[in-house]
Amino acid sequence: SLHMFFEAVHVQASDRAKGIVEDLESYIELRRDTSGCKPVFDLVEYSLDINLPDAVVNHPVVKALNQGSNDLVTWSNVRKLLLLTCLLPVLIHFK
């Protein structure tokens, strides 16, 4: 997950530098990966010395809870400047 985070940050920075505007769905997926939540979720499991079985980690309900938690954190951290510099161009481009 940490590798995915750095890869997503690189993609986001590269796209921004090239003037590439993602469609809304792609932006949301990329934002979920750049939020930092996914590596933190793994670190919580590690720090509590919990080894969840793959069947639990990959269960659709657990995946939905992870995504919902990620979205909650991600979108609550979006400030006016971030909204204006990241999401607004996407909405304007694809309106």
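### Focus on the overall build of the chain
Counting its regular elements, the chain contains six helices and zero strands. When the helices and strands of the chain are placed in sequence order, the string is α-α-α-α-α-α. A buried classification covers 19% of the 95 residues belonging to the chain. In the chain, the proportion of contacts linking residues at least 24 apart, taken out of those at least 6 apart, comes to 78%. Carbon and sulfur atoms make up 64% of the accessible area of the chain, which totals about 6,900 Å².

### What about the packing of aromatic side chains?
The description of two aromatic rings rests on the distance between their centres and on the angle between their planes. Here the structure, examined in full by the defined rule, presents two aromatic pairs. Arranged with centres 5.2 Å apart and planes meeting at 65°, the rings of Phe5 and Phe6 form a pair that is edge-to-face. Ring plane angle 50° and centroid distance 6.3 Å describe the contact between Tyr27 and Trp75, whose orientation is recorded as tilted. Taken together, the positions of Tyr27 in helix 2 (residues 24–34) and Trp75 in helix 5 (residues 60–76) put the pair 48 residues apart, joining distant regions of the chain. A relative accessible area of 5% means that Tyr27 is categorised as buried.

### Examining helix 5
Two residues of an α-helix separated by three or four positions point the same way, owing to the 3.6 residues in each turn. For helix 5, with 17 residues, the first-to-last C-alpha span of 24 Å sits near the 24 Å given by 1.5 Å per residue. Of the residues making up helix 5, those classed as buried are Asn70, Asp71 and Thr74. Angular distribution of buried residues about the axis of helix 5 spans 100°; they occupy a single face of the element. Those residues of helix 5 that are exposed and angled more than 90 degrees off the buried face are Leu65, Leu72 and Ser76.

### What to know about the confidence of the model for the chain
Taken as a whole, the chain shows an average pLDDT of 87; of its residues, 87% reach a score of 70 or greater. Mean pLDDT values for the elements of the chain range from 66 in helix 6 (residues 80–93) up to 95 in helix 4 (residues 54–57).

### Regarding a nonpolar patch on the surface
On the surface, Val40, Val44, Leu48, Ile50, Leu52, Val56 and Val57 cluster together to form a nonpolar patch covering roughly 520 Å² of accessible area. Contributions of two or more residues to the nonpolar patch are made by helix 3 (37–47) and helix 4. With respect to the secondary-structure elements, Leu52 resides in the loop between helix 3 and helix 4.

### Remarks on the pattern of salt bridges
One pass over the structure, following the stated rule, counts three salt bridges. For Arg32, the salt bridge identified is with Asp71, shortest N-O distance 2.6 Å. Linking Arg32 in helix 2 with Asp71 in helix 5, this pair joins segments that are 39 residues apart in sequence. Asp71 shares its class with Arg32; the two are buried. A salt bridge links Lys38 to Asp33; the shortest N-O distance between them is 2.5 Å. Overall, the relative accessible area of 27% leaves Lys38 in the partly exposed class. Three or more residues are tied together by salt bridges with common partners; here these are Glu29, Arg32 and Asp71.

Thresholds, definitions, all that
- Residues numbered from 1 in each chain as written.
- Predicted model: local features only at pLDDT ≥ 70, side-chain atom pairs only at ≥ 80, totals over all residues.
- Heavy atoms only, no water.
- Helix = DSSP H or I, 4+ residues; strand = E, 2+ residues; numbered from the N terminus.
- Buried < 20%, exposed > 50% of the residue type's maximum accessible area, 1.4 Å probe, protein only.
- Contact = heavy atoms within 4.5 Å.
- Areas by Shrake-Rupley, 256 points an atom, 1.4 Å probe, with all protein chains shown as cover.
- Phe/Tyr/Trp six-rings, centres within 6.5 Å; stacked < 30°, edge-to-face > 60°.
- Expected span 1.5 Å × (residues − 1).
- Arc of directions from axis to C-beta.
- pLDDT = per-residue confidence, 0-100.
- Patch = residues over 30% accessible without salt bridge, like charges linked within 9 Å, V, L, I, M, F, W, Y side chains within 5 Å.
- Salt bridge = Lys/Arg side-chain N within 4 Å of Asp/Glu carboxyl O.

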